[in-house]
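Chain by chain, the residues:
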Amino acid sequence: MRIYEAADYRGMSRRAANIISAHVILKPACVLGLATGRTPVGAYQQLIEWYRKGDLSFRETRAVNLDEYRGLGPGHPQSYRFFMQEQLFSHIDIRPENTFIPDGLAPDADAECRRYNEVIRTLGGIDLQLLGIGRNGHIGFNEPGRAFELETHLVDLSASTRAANARFFPDGAEIPGQAFTMGIKSIMQARRILVAVSGAEKAEIVMRAFTGPVVPGVPCSILQLHPDVTLVGDRAALAALRKTGARICG
Ligand code: GLP
């Protein structure tokens, strides 16, 4: 695993965007696995800037997102489809038909999971999967549990995840209790993984993820078993990991 430390969120975002852009430049038709949450927003802004300058094109690129709330459609401001349109897709030249996110309104959850697995397979798998880490160690919406769930599935969101994500919803709004998410196998089959972390509130889980035991109770700990992981973080998020003696590049 490579670990890169930046002084702050801006530097971390720039480093993450650099790695994503390198993939797009070297393989324009690459399959990017994308994430939501606050962490990747700075990287998306940087990619948009490079696209506007003419340094980057996503004309051939395919994007497949990790997850979506069940019950929220693409027009809902808190849906992940809406988020991705706002934060990235509508500002770059990616073709709409090349962007994939689970359908939060799909009436048959099992059929939607099967469909999404097929989407990933048909794309030929994911070249680079971008991941954030939830405070309880979730990746995508793979919540702590007793087993690593393998492919796309419907999850009941934990109280702590719903509380953490309440910041994206207006006061008093109902936060969905379920979500579709790629499974651990779908994520682990990505050829490369880029984990982005920022802020002191992630320091402890980052340390546990990469130095603790690999257990379903800490879903992100499975990343220790992936052969090609790059972790980019700001100083605050990497502070506890650094104390364990992990080798960190500047
Ligand atoms: C959500 C997403 C995750 C994301 C997490 C962390 O729960 N489903 O994919 O990693 O939030 O969000 P943030 O980056 O805002 O800390």
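Structure first, text after, so check above.
Residues numbered from 1 in each chain as written. Predicted model: local features only at pLDDT ≥ 70, side-chain atom pairs only at ≥ 80, totals over all residues. Heavy atoms only, no water.

(A) Quick peek at the sheet that holds strand β4 (residues 67–69). Pairing is antiparallel in the open sheet, where 3 strands are placed in the order β4-β8-β7. Here the strands that pair on one side only, and so sit at the sheet edges, are β4 and β7 (153–156). Looking at each pair of strands side by side, their axes are set apart by 25 degrees on average, direction ignored. Looking at chain direction, β7 and strand β8 (residues 178–181) are connected through 4 bridges and run antiparallel. The partner of Asp156 across the bridge, within β8, is Gln178. (Pairing = 2+ DSSP bridges. Helix = DSSP H or I, 4+ residues; strand = E, 2+ residues; numbered from the N terminus. Axes fitted to C-alpha atoms, helices over the stretch in contact; angles between N-to-C directions.)

(B) Examining the nonpolar core more closely. Ranked by size, the top nonpolar core spans 66 residues in total, and within it Leu34, Val64, Ile139, Val195, Phe210 and Leu231 carry the most contacts. Beyond its immediate sequence surroundings of up to four residues, Leu34 is in contact with Tyr44, Ala63, Val64, Asn65, Leu66, Met84, Leu88, Phe89, Gln129 and Leu130. (Core = buried A, V, L, I, M, F, W, Y, C linked by side-chain atoms within 4.5 Å. Buried < 20%, exposed > 50% of the residue type's maximum accessible area, 1.4 Å probe, protein only. Contact = heavy atoms within 4.5 Å.)

(C) Representation of the site of the ligand within the structure. Every one of the 15 residues lining the ligand counts as a neighbour, but Arg38, Thr39, Asp67, His138 and Lys202 are closest to it. The contact in question runs from an oxygen atom of the ligand to an N or O atom on the backbone of Gly132, over 3.4 Å. Within the contact set of the ligand, an oxygen atom lies 3.2 Å away from a side-chain nitrogen or oxygen of Asn165. Its free accessible area being 390 Å², the ligand has 96% of it covered by the protein chains. Among the cavities detected, the one that contains the ligand is the largest pocket. Here the shell around the ligand is built from residues that sort into 4 nonpolar, 7 polar and 4 charged. (Near = heavy atom within 4 Å. Polar contact = N/O pair within 3.5 Å; in protein donor to acceptor, adjacent residues only side chain to side chain. Areas by Shrake-Rupley, 256 points an atom, 1.4 Å probe, with all protein chains shown as cover. 1 Å grid on protein atoms, 1.4 Å probe; cavity = no way out; pocket = protein on both sides within 12 Å on 5 of 7 lines; lining within 4 Å. Sits in = over half its atoms within 2 Å of the grid points. Nonpolar A, V, L, I, M, F, W, Y, C, P; charged D, E, K, R; others polar.)

(D) Summary view of the layout of surface pockets. One number sums up the size of the largest pocket: a volume of about 490 Å³. Lining the largest pocket are 29 residues, with Gly37, Ile133, Gly134, Arg167 and Lys202 positioned closest to its centre. For the lining of the largest pocket, the element with the most residues is helix α5 (residues 159–165), which contributes 4 residues. By volume, the second largest pocket amounts to about 190 Å³. In terms of lining, the second largest pocket is formed by Tyr9, Arg10, Ser13, Arg14, Gly42, Gln45, Gln46 and Glu49. For the lining of the second largest pocket, the secondary structure elements donating two or more residues are α1 (9–26) and α2 (41–53). (Points joined across faces, edges and corners; volume = space filled by probe spheres on them.)

(E) Spotlight on the pairing of strand β10 (residues 229–234). Where burial is concerned, most of β10 is hidden: 6 out of the 6 residues are buried. Sheet analysis places strand β9 (residues 192–197) next to β10, joined by 5 bridges and oriented parallel. Bridge pairing in β10 places Ile193 opposite Val229. At this point the chain moves from β9, through helix α7 (residues 203–211), to the parallel β10, and the crossover so formed is right-handed. (Right-handed = clockwise from strand over helix to strand, strands pointing away.)

(F) Structural view of the packing of aromatic side chains. A full pass over the atoms with the stated rule returns 4 aromatic pairs. On the numbers, 4.8 Å between centres and 45 degrees between planes, the contact of Tyr69 with Tyr80 is tilted. With Tyr69 in strand β4 and Tyr80 in helix α3 (residues 80–87), the pair connects residues that are 11 residues apart, well separated along the chain. Accessibility expressed as a relative area gives 1% for Tyr69, which makes it buried. A residue is classified by how much of its surface remains accessible, and Tyr80, at 9% relative accessible area, is buried. Between Tyr80 and Phe141 the ring centres are 5.9 Å apart and the planes differ by 15 degrees, which places this aromatic pair in the stacked class. (Phe/Tyr/Trp six-rings, centres within 6.5 Å; stacked < 30°, edge-to-face > 60°.)

(G) A look at the sheet that holds strand β1 (residues 2–6). A sheet is described by the order of its strands in space; here 7 strands give the open sequence β1-β10-β9-β6-β2-β3-β5, paired in parallel fashion. Of all the strands in the sheet, just β1 and β5 (99–100) have a single pairing partner and so form its edges. Helix-sheet contacts for helix α8 (residues 235–243) involve β1, β9 and β10, and the interaxial angle to β10 is about 115 degrees.

(H) Representation of the packing of α2 against α3. Between α2 and α3, the least distance of the axes is 10 Å, while the angle of their chain directions is 40 degrees. Classified by the interaxial angle, the pair formed by α2 and α3 is oblique. Counting all contacts with α2, which are made through Val41, Tyr44 and Ile48, the residues of α3 involved are Phe83, Met84 and Gln87. In terms of residue class, the contact of α2 with α3 is built from 5 nonpolar, 1 polar and no charged. (Parallel < 35°, antiparallel > 145°, perpendicular 65-115°, else oblique.)

(I) Representation of the pairing of β9 within the structure. Within β9, 5 of the 6 residues are buried, which leaves it mostly tucked inside the rest of the structure. Note that strand β6 (residues 128–131) and β9 share 4 bridges and pair parallel. The residue of β9 that forms the bridge with Gln129 is Ile193.

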